[in-house]
Amino acid sequence: MVNALSKSTKICLLLSAAIIVPFALVTLYVSIMRGDAVPNHLVHRGLEVLIASFCLPFIYLLPFGMLARAAMAVVFVPMLFVVTDGYGFWLACAGFENCI
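The shown structure was predicted, so the numbers you read here are calculated from the model rather than taken from an experiment. (Residues numbered from 1 in each chain as written. Predicted model: local features only at pLDDT ≥ 70, side-chain atom pairs only at ≥ 80, totals over all residues. Heavy atoms only, no water.)

(A) Layout of unusual backbone geometry. A positive phi angle, near 55 degrees, is found at R34, a position not held by glycine. Looking at the secondary structure, you find R34 in the loop between α1 (7-33) and α2 (41-52). Assessed through its relative accessible area of 62%, R34 is described here as exposed. (Helix = DSSP H or I, 4+ residues; strand = E, 2+ residues; numbered from the N terminus. Buried < 20%, exposed > 50% of the residue type's maximum accessible area, 1.4 Å probe, protein only.)

Next comes the structure, spelled out in structure tokens:
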């Protein structure tokens, strides 16, 4: 089977998916909850970590060495946790007028 995607295209698509999927999941979560957080703070943070970790399958598929993928995962997951958390707050406030 011939690989139709070049290496640079595959890298671009996988990195884009690793960033877009957590944002789509946060949008879905905020929309379902109508801007409110889960009443339990621990469950809320756990869901945020789970959402941020959805970038890991895309990082695993990157055509890099294991050490490079591990380093990217160590950088991406905390970064996406912080950025998607801020995005969720902004979306809840802007979309549902549920500001803190």
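(B) Up close: the side chain of E48. Looking at the secondary structure, you find E48 in helix α2. Only 2.5 Å separates the side chain of E48 from the side chain of R45, close enough to count as a polar contact. (Polar contact = N/O pair within 3.5 Å; in protein donor to acceptor, adjacent residues only side chain to side chain.)

(C) How the structure looks around the packing of aromatic side chains. In total, this model carries two aromatic pairs according to the counting rule given. An angle of 70 degrees between the planes, with centres 5.3 Å apart, marks the rings of F23 and Y87 as edge-to-face. Of the two residues, F23 is situated in helix α1 and Y87 in helix α4 (residues 66-96); the sequence distance between them amounts to 64 residues. For F23, a relative accessible area of 23% corresponds to the partly exposed category. (Phe/Tyr/Trp six-rings, centres within 6.5 Å; stacked < 30°, edge-to-face > 60°.)

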